[in-house]
Every structure is written in structure tokens, then in C-alpha cells.
Amino acid sequence: DNILSLLPFEILILNDGKFLIDRFKISYLTTGRDLIYLLKLLNTSPKREAIIIANPDFNLCESDESLEEISNSDDIYSYYFEPLEWAEEEARRIKEILKNRGFRVNIITGEEAVKQKIKQICSPTILHIATHGIFLPPKTRAPQNICSMIDGSYMRSGLVLSGYNSIALGRRVPPSVEGGVLTALDIREMNLLGTELVVLSACNTGRGMIFPWEGVFGLRRAFMLAGAKTLVMSLWQVPDKETRMLMEDFYRNLLSGMDKAEALRQAQLKLKKEKPHPYYWGGFI
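Residues numbered from 1 in each chain as written. Predicted model: local features only at pLDDT ≥ 70, side-chain atom pairs only at ≥ 80, totals over all residues. Heavy atoms only, no water.

A. Local environment of the overall build of the protein chain. For the protein chain, the helix and strand inventory stands at 10 helices and 10 strands. Taken across its 285 residues, the protein chain has 52% of its residues classed as buried. Considering only intrachain contacts with a sequence separation of at least 6, the fraction spanning at least 24 residues in the protein chain is 79%. Counting only carbon and sulfur atoms, one obtains 52% of the accessible surface of the protein chain, whose full area is about 14100 Å². (Helix = DSSP H or I, 4+ residues; strand = E, 2+ residues; numbered from the N terminus. Buried < 20%, exposed > 50% of the residue type's maximum accessible area, 1.4 Å probe, protein only. Contact = heavy atoms within 4.5 Å. Areas by Shrake-Rupley, 256 points an atom, 1.4 Å probe, with all protein chains shown as cover.)

See the structure below:
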């Protein structure tokens, strides 16, 4: 409960100095009722379709000139994001892995990775998103209206898409950009019923606003409400290159017959041999 929602138990240290991940396979339930769905997970969908979103063009704009009349003061636009040099390579390698196992794979990248297009995605078997994640901590710890605070929490977590930097800098963007951030609220309204796996290869995607006894409100809950069965997400700012390595091994393990939790665990253990510190491999759950 509470802050424990942001702790990956895999990095806890045992008495002999080993990590918990060395002995156990761990997966997390959002609520107790998730147990009901575990039996259904054995019946995989016959559809084999994957959509990969990677390295959006954060600087997509119609004009490089900053326009004062459309400058944006919203605090969600208080960042500037650099391109993810390993994200497109990650997408290409994962595409080859999936194609070799009979998946139809569609990669959406660069200026094509706009919010208007992403919102229309409907129930692929696998949805993989390699971009930057945003989480804005709450402004107050004493909300007067808990319902409005919960609703607002879905606007404070998101995935960065094409055009974000341009909006932050007050530049004119194409209408399809629609704000440049796919918020948890947007995701909650998507149709991902039948989606077996969503992988958020981005920073801080497992974080959100924490309400005691209720868990984390943000991307993790939004994807579940949209219908996704399993979510792989991060709890801190993960390194780009090592994440690409981890994701490749995860998909190879998954398509070799391992279940999702074991596929992630083995990928983490492999990376742990090369990069022992939990910072590199412990952030994904």
C-alpha cells in the first residue's frame, strides 16, 4: 500500500546478499480481483498483431517561430525532451523478433507518432511504446475533494508524443498533434479489450498519484481500465541503451514460451550480469 506501490520488490536484498529476483519470479496485482483474470490469461487471442510506437518527433511544428499568443503555461509543458537514439533501433529489432513468430507488426515513429493517430489504436495483441514518460507530483497533499483529485491524477501522467517540445516553446503545430501528450485520461478512454500485453519502454510510467488503500492512479490504472491484460512499466528514469537491451531479451524470452513475468525476470537477470547495479535492470515491473 501507499509508497510500497513504487518499490520494485525484485531489488530487495536477502540475508545472503542476493537480490529477491535471483530466487523468485514476481508479478503485481492492481487489486485482489485481478486474480479472477489469471485463469483467462491462459486463453491467448488468435489475432497476432503488434503495434510499436517509437521515438516520436518531439519538435514537430508548422513554424519554428515562437508565437506569444499560443505560448503554453500549463505545468505539464515545463520540460524539453531530447530524441531517444536507441528507441528506433529497439523498435526495429523487436519488429524482427515478432515477425519471425508470425506477428503482423506496424511501427509508428517520427512525425507519424501524433496523439490523434495513437488514440485510434484498437486492441492489438501487443502494444509497445518507446518514448519519454511524464509524471507531475501532486501540488498539494491535502485535497479538499478526493474525487476531483483522483480525476485530476489522470491528467498528471502521460506519454510524450510528436510535437510536445513545439507546444512547450509556443510554436504552431499541426492539428493532429492534439497537445503532444497521451495522458492517462486519454488512455482510459481507448479500446484495448483483447490486448494481451502493453509494454511502456519509457521513464516513470509506473508512477502516479498514490491514494492510501487505493493504489496508484496514473498510466498503470488507465491501461487496465482500457482493457489491457498485462502491463510492463518502469518506476524510475531508466537508461535508454540498457532498456533497449532488456526489451529485446524480454521479447525473445516471451516468444520462446516463457510467461510474461518469467520473460522479464530472465531479461533482467541477463542484464544484471553485465550491469550489477539495480538502477539498470530493477526499474521495470
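B. Looking closely at the environment of serine 5. By secondary structure assignment, the location of serine 5 is in the segment before helix 1 (35-38). A residue is classified by how much of its surface remains accessible, and serine 5, at 17% relative accessible area, is buried. In this structure, the C-alpha to C-alpha distance between serine 5 and arginine 207, residues 202 residues apart in sequence, is 8.3 Å.

C. Just the pattern of salt bridges, in detail. All told, the structure shown has 17 salt bridges when counted by the stated rule. Taking the shortest distance from any N to any O, the salt bridge between arginine 93 and glutamate 89 comes out at 2.5 Å. Of this pair, arginine 93 and glutamate 89 are both found in helix 2 (residues 87-99), 4 residues apart, which corresponds to roughly one turn of the helix. The salt bridge involving arginine 252 is made with glutamate 248; its shortest N-O contact spans 3.3 Å. Residue arginine 252 and its partner glutamate 248 are located together in helix 8 (residues 240-255), separated by 4 residues, close to a single helical turn. For arginine 252, a relative accessible area of 41% gives the class partly exposed. Residue class for glutamate 248 comes out buried when judged on its relative accessible area of 4%. (Salt bridge = Lys/Arg side-chain N within 4 Å of Asp/Glu carboxyl O.)

D. Layout of the sheet that holds strand 2 (residues 104-110). Across the sheet, 5 strands lie side by side as 2-1-3-7-10; this open sheet has parallel pairing. With one partner strand each, in any of the chains shown, strand 2 and strand 10 (231-232) form the two edges of the open sheet. Pairing analysis gives 4 bridges linking strand 3 (residues 126-130) to strand 7 (residues 197-200), with the strands arranged parallel. Note on strand 7: the bridge partner recorded for isoleucine 126 is leucine 197. Against the sheet, helix 8 contacts strand 3, strand 7 and strand 10, and its axis sits at roughly 165° relative to strand 7. (Pairing = 2+ DSSP bridges. Axes fitted to C-alpha atoms, helices over the stretch in contact; angles between N-to-C directions.)

E. Molecular detail of the packing of aromatic side chains. Counted according to the given criterion, the structure contains 8 aromatic pairs. Between the aromatic rings of phenylalanine 58 and phenylalanine 81, the centroid separation amounts to 6.3 Å while the plane-to-plane angle is 50°, which identifies the pairing as tilted. On the criterion of sequence distance, the pair formed by phenylalanine 58 in the loop between strand 1 (49-56) and helix 2 and phenylalanine 81 in the loop between strand 1 and helix 2 is long-range, its members being 23 residues apart. For phenylalanine 58, a relative accessible area of 3% translates into the label buried. Phenylalanine 81 sits in the buried class, given a relative accessible area of 11%. Every member of this aromatic cluster is reached through a ring pair, and the members are Phe58, Tyr77, Tyr79, Phe81 and Tyr164. The cationic tip of lysine 275 hangs over the ring face of tyrosine 280; the distance from NZ or CZ to the ring centre is 5.0 Å. (Phe/Tyr/Trp six-rings, centres within 6.5 Å; stacked < 30°, edge-to-face > 60°. Lys NZ or Arg CZ within 6 Å of the ring centre and 35° of its normal.)

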